[in-house]
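Architecture and fold: a report
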Amino acid sequence: MDAIAELARVSALLDAEAKAEALFDEVITRGLIAPGQTESAVSDAVRDLAEEMFGIRRFWHKRIVRAGVNTLEPYSANPPDRVVGEDDICFLDFGPIFGEWEADFGRTYVLGDDPAKLAVRDALEPLWRQGRDLFDADPDITGEQLYAWIVDRATALGWEFSAPIAGHLVGEFPHKQISGTAVTSYIAPGSDTPMRRVDPAGRACHWILEIHLIDRDRGFGGFFEQLLDVRT
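The paragraphs below set out a description of the structure included in this document. (Residues numbered from 1 in each chain as written. Predicted model: local features only at pLDDT ≥ 70, side-chain atom pairs only at ≥ 80, totals over all residues. Heavy atoms only, no water.)

1. Remarks on the overall build of the protein chain
- Per the secondary structure count, the protein chain includes five helices and eight strands.
- Across the protein chain, helices and strands are ordered from the amino to the carboxyl terminus as α-α-β-β-β-β-β-α-α-β-α-β-β.
- Here the protein chain has a C-alpha radius of gyration of 17 Å; the compact-globule value for 232 residues is 17 Å, and the two agree.
- With respect to the principal axes defined by its C-alpha atoms, the protein chain has extents near 50 × 45 × 30 Å.
- A buried classification covers 50% of the 232 residues belonging to the protein chain.
- Taking contacts inside the protein chain between residues at least 6 apart in sequence as the whole, the part at least 24 apart equals 64%.
- With 23 positive and 40 negative side-chain charges, the protein chain shows a spacing of 2 Å between the two charge centroids. (Helix = DSSP H or I, 4+ residues; strand = E, 2+ residues; numbered from the N terminus. Rg over C-alpha atoms; globule rule 2.2 N^0.38 Å. Buried < 20%, exposed > 50% of the residue type's maximum accessible area, 1.4 Å probe, protein only. Contact = heavy atoms within 4.5 Å. Lys, Arg positive; Asp, Glu negative; His and termini not counted. Charge placed at Lys NZ, Arg CZ, Asp CG, Glu CD.)

2. Thoughts on the pairing of strand E8 (residues 220-227)
- Across the eight residues that make up E8, a large majority, eight, are buried.
- Alignment of strand E7 (residues 206-215) against E8, held across eight bridges, turns out to be antiparallel. The residue bridging Leu209 from the neighbouring strand is Gln226, located in E8.
- Linkage of E7 to E8, two consecutive antiparallel strands, is achieved through a turn of four residues, within which Gly219 is found at a positive phi near 85°. (Pairing = 2+ DSSP bridges.)

In short, shape yes, function no, at least from these values alone.
In structure tokens form, the structure reads like this:
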């Protein structure tokens, strides 16, 4: 793929992420995450807001809204629908499709001023940035190497990182038809090929890095994700 086409791909991915971030900002502005709302009601409200703001209703993966004890659960789980509490912690993980481009964006919000919940929320982005720094510093890093470092660093900071992956490929929808479900499509144990590579169509691989930290003793966790390898 020539340089001009790749620049267009990167621009499209960054535009999709910027729109996802604007969507999440508007979720907070409108107070959609509120005590007394069920997780499913918040999810539906975000879906409707995405259509209002950007005319989209397609999401390339299931919409995730988790609150309280449900924030301990990995992506693959389907815990019972929970009501958001007065002094709760909640995270959103949405994969909207803008045009034909995937975004994948996750953020954690705290309702109230519980210091333990705030600590989880505030630990997420710094660890994400440390993971990106490691990726930037090692041109040959593999998915399993980055995953192992994230897990070890989370443990050293006093958190549990129990998620089976710490990220994945992202790109033109549906990227899974190109990459398949092979472990090398993930930042995960067994992903032993360099992350900087081209896909079978000859296009540069682009990645999402996701951080899921857990305070198991207190019964909650937090989540943060966004593009890893491209930025404005």
